[in-house]
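# Reading the structure
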Amino acid sequence: MIVGTAGHIDHGKTALVKALTGIDADRLQEEKRRGITIDLGFAHLELPGPNGEKLRLGFVDVPGHERFVRNMLAGVGGMDVVLFIVAADEGVMPQTREHFDICRLLGIERGITVITKSDLVDADALASLKHEVSAFLKDSFLDPARAPMIAVSSKTGAGLDELKSALAATAVAASARSSDSFLRLPIDRVFAMKGFGTVITGTLIAGRVRKEDEAQVFPGGKRLRVRGVQVHDQPVDEARAGQRTALNLASVNKDELARGMMLATPGTFRASDRIDVSLSLLSDAKALKDRARVHFHCYTSETIAEVRLHEAKQLVPGESGFAQLRLTQVALLLPGDRFIIRQFSPVVTIGGGMVLDNAPERKSDIDLLRLFASGEKSSMLRARIARRVDFGIGLQALVAETGMRPAQIGQALGPNVADKSILRFGDLFLHAPNFFGLSSYTLEAVAIFHRDNPLSPGISKEQLREQVGLTLPKEVFAAVIEHLAREKKLQFSGELVALAGRSVTMQDDEAESKSTIENAFATAGLKVPALKDVLAGVKVDKVRAQKIVALLLREGTLIKLSDDLVFHRDALRGLKKSLTEQKSKSDKLDVARFKEMTGISRKYAIPLLEWLDRERVTRRVGDARVIL
Ligand SMILES: Nc1nc2c(ncn2[C@@H]2O[C@H](COP(=O)(O)OP(=O)(O)OP(=O)(O)O)[C@@H](O)[C@H]2O)c(=O)[nH]1
Ligand SMILES: [Mg+2]
């Protein structure tokens, strides 16, 4: 669990962390000198839980100064519980409001309101301040009706014990981050350590990381190896979600890494430069115009984004809507990630929201975004499949789009695959209506082919795929034609696809020509006529005559040895048979003896012998052949 501070400058955040943990989270020289926090500070504390268990809490202390809100934003993303701090002598101040807005917009669910410096005011003043703060927090996650409000003094120690037990109870009630999901670690510090090399730190927001693991850093995608893992300055075998984590990394230079990058499970995710989001504007912000530029903050990353509003020309203060953010710098973002936007200039927090889609289509669909926002997993997955229409979507891409584990996806889609509303081919998912649409389109394409090519027994699979759509994934096309074959709508013969039950339809003159050609070769034996002479004698035109020859070749009635040399199947069968019978008499066969035996000319003898070699009836040995 990560406990974080929030609140106005000088309200005693760092002093409180020190009073609770004994650790001074102001680690920079300049911070000590100026007496203010500039960047994130870290501490940790072990507390007895309400049921006697040991709670290990990591602390992130943030700066209150308005100029360092961006540093505050880099720390707040990993917080599970916030200590919301208001000084008793000052009450609600500008960054009290801004930090409160940020916590709300980020959807932080648990917290404790801590009134600090209670030693500086009397009981009456404290009571009226509590009243003021309660009114301020009304209806929020910190509303005193549901979250504790405790007055403390870091100076005298008053209220600290009460705060510790409230903290233990709150931490136990907060839901733990998932260690079972893929690793994501937003980097908040990078430094080089003598004898160690590059070290990064961050709050592990999801998954786990072990020594010797490989990880990938976004943006950039560089792969690195984890040499060592520490949690709260102690070496450990494994760090888990919700822990402050330091990693010693191999194969990377300090200069290649920076705050804002994210370490993740390798080979799983893609960085995006466009995200569809739900966006809320604070009620005291100015209206947000379509195409406005804003500062975008998510976890430790920040970049400039252009807002494209999906529903209106502007977003009114206090309202929410769907938008696309076009990021200047790509980032690894997943649905459910919360972010903050700040006005381009002057820089103040104006709103925030949630990532809904890291792989938007060219044109975003509001109904789809509404569905994504609802958070219902299996209908969200179905919609992600359906929007890829005929192409379907692979498991890998679904993982990258959702951050869900492959097994989780398989499980969530199980009922849909079972009732065949979603079809699964290997790792590819397709929406059933698209599949059936493709099937009837394919069937139609085959029918059209038959209509245009009555003398052809079928269309080749490759040609059919071109007809249906070359960009279609191979698996989808294969699944479609196999499905149609199972349904007995298509039949295959080798590479050819035909409508089931379909045979070549011939007109009378074509049928007559077919037998003329066949007879010419059947009666010629091995002394075959030239093909063109045979074709010259048929009734049909040249184009149709060629098609009939192609048909005879495909059927196997005629066999082609070279361009103008064609034999009837029976003649070649006879030749093979007589050669096999010759075998016992003499196993050597030269061209002269072959000619004498078959009575054919040299012109035909050579191609025939070569054909016999190919057919493994004979094998060439020097100038002669052996019969096999
Ligand atoms: N009397 C009194 N003084 C306090 C108490 N807590 C903090 N202070 C003083 O208030 C000043 C500011 O305290 P910090 O803890 O640095 O305040 P902060 O909220 O961390 O300030 P930033 O990090 O700069 O936003 C210091 O001089 C503290 O000694 C308290 O409970 N009682
Ligand atoms: Mg401080």
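Now for a quick tour of the structure.

### A short note on unusual backbone geometry
In this model, F218 is joined to P219 through a cis peptide bond whose omega is -5°. Considering the arrangement of structural elements, one finds P219 in the loop between β11 (214-218) and β12 (222-231). Here the amide bond leading from S345 into P346 is cis, since omega sits at -10°, within 30 degrees of zero. Within the element layout of this structure, P346 appears in the loop between β23 (338-343) and β24 (349-357). Even without being a glycine, K117 presents a positive backbone phi close to 60°. Note that K117 resides in the loop between β5 (110-116) and α5 (123-137). On the basis of relative accessible area, K117 is assigned to the partly exposed category, the value being 26%.

### Considering the coordination of the magnesium ion (ligand 2)
Around the magnesium ion (ligand 2), the donor atoms from the protein are T14 (OG1) and T37 (OG1), and they sit 1.9 Å away. Here T37 lies in the loop between α2 (29-34) and β2 (41-48) and T14 lies in helix α1 (residues 13-21), a separation of 23 residues in the sequence. The same class applies to T14 as to T37, namely buried.

### With respect to the sheet that holds strand β26 (residues 422-425)
Across the sheet, 3 strands lie side by side as β25-β27-β26; this open sheet has antiparallel pairing. Bordering the open sheet on either side are β25 (393-394) and β26, each of which pairs with just one other strand. Against the sheet, helix α8 (residues 377-386) engages β25, β26 and β27 (428-431), with an angle of about 85° to β27.

### Describing the nonpolar core
Membership of the largest hydrophobic core comes to 88 residues, with the highest contact counts inside it found for V76, I115, L279, L288, F296, L325 and F339. With residues near it in sequence (within four places) discarded, L288 still touches L279, L281, V294, V307, L309, K313, Q314, L315, I341 and I350.

### Digging into the packing of helix α11 (residues 432-452) against helix α13 (residues 474-486)
It is the contact of α11 with α13, at a shortest axis distance of 10 Å, that shows an interaxial angle of 70°. Compared by their axis directions, α11 and α13 come out roughly perpendicular. Residues F435, F436, L438, S439, T442 and L443 of α11 form the contact with α13, whose own contacting residues are V476, A479, V480, I481, H483 and L484. Residue classes in the contact of α11 with α13 are distributed as 9 nonpolar, 3 polar and no charged.

### Thoughts on the site of ligand 1
In the vicinity of ligand 1 there are 18 residues, among which K13, T14, A15, T37 and D119 approach most closely. Within the contact set of ligand 1, an oxygen atom lies 3.2 Å away from a backbone nitrogen or oxygen of H11. Between ligand 1 and the protein, one listed contact pairs an oxygen atom with a backbone N or O atom of G64 at 2.8 Å. Relative to its unbound accessible area of 640 Å², ligand 1 is 79% covered by the protein chains. Counted by class, the shell around ligand 1 contains 5 nonpolar, 8 polar and 5 charged residues.

### Re helix α12 (residues 461-468)
Turn by turn, an α-helix covers 3.6 residues, leaving residues three or four places apart pointing in a common direction. When we look at burial in α12, the residues that qualify are L464, R465 and V468. The arc that holds every buried residue of α12, seen down its axis, measures 100°, which confines them to one face. Where α12 is buried, its residues meet α11, β28 (459-460), α13 and β30 (496-499). Phi for G469, located one or two positions after α12, is positive at around 145°.

### Overview of the packing of helix α3 (residues 69-76) against helix α4 (residues 94-105)
With their axes 11 Å apart at the nearest point, α3 and α4 run at an angle of 35° to one another. The interaxial crossing formed by α3 with α4 has right-handed handedness. Note on element contacts: α4 touches α3 through Q95, E98, H99, I102 and C103, opposite V69, M72, L73 and V76. Of the residues contributing to the contact of α3 with α4, the split by class is 6 nonpolar, 2 polar and 1 charged.

### Re the sheet that holds strand β35 (residues 624-627)
Ordered by their spatial adjacency, 3 strands build an open sheet running β33-β35-β34, and the pairing between neighbours is antiparallel. In this open sheet, the two strands that pair with only one neighbour each are β33 (588-589) and β34 (618-621). With respect to the sheet, helix α19 (residues 602-614) is in contact with β33, β34 and β35, its orientation differing from that of β34 by roughly 110°.

### What about the pattern of salt bridges?
In total, this model carries 42 salt bridges according to the counting rule given. Linking E238 and R208 is a salt bridge whose minimum nitrogen-to-oxygen distance equals 3.4 Å. With a gap of 30 residues between them, E238 in strand β14 (residues 238-240) and R208 in strand β10 (residues 208-210) connect regions that are remote in the sequence. When salt bridges with common partners are traced through the structure, they connect D357, E361, R384, R387, R388 and E401 into a single cluster.

Conventions used here
- Residues numbered from 1 in each chain as written.
- Chains lettered and ligands numbered in written order.
- Predicted model: local features only at pLDDT ≥ 70, side-chain atom pairs only at ≥ 80, totals over all residues.
- Heavy atoms only, no water.
- Helix = DSSP H or I, 4+ residues; strand = E, 2+ residues; numbered from the N terminus.
- Buried < 20%, exposed > 50% of the residue type's maximum accessible area, 1.4 Å probe, protein only.
- Donors = N, O, S within 2.8 Å, 3.2 Å for Na, K, Ca; no water.
- Pairing = 2+ DSSP bridges.
- Contact = heavy atoms within 4.5 Å.
- Axes fitted to C-alpha atoms, helices over the stretch in contact; angles between N-to-C directions.
- Core = buried A, V, L, I, M, F, W, Y, C linked by side-chain atoms within 4.5 Å.
- Parallel < 35°, antiparallel > 145°, perpendicular 65-115°, else oblique.
- Nonpolar A, V, L, I, M, F, W, Y, C, P; charged D, E, K, R; others polar.
- Near = heavy atom within 4 Å.
- Polar contact = N/O pair within 3.5 Å; in protein donor to acceptor, adjacent residues only side chain to side chain.
- Areas by Shrake-Rupley, 256 points an atom, 1.4 Å probe, with all protein chains shown as cover.
- Arc of directions from axis to C-beta.
- Left-handed = near helix turned anticlockwise from the far one by under 90°.
- Salt bridge = Lys/Arg side-chain N within 4 Å of Asp/Glu carboxyl O.

Note that every value here comes from positions in space, so none of it alone points to a role or purpose.
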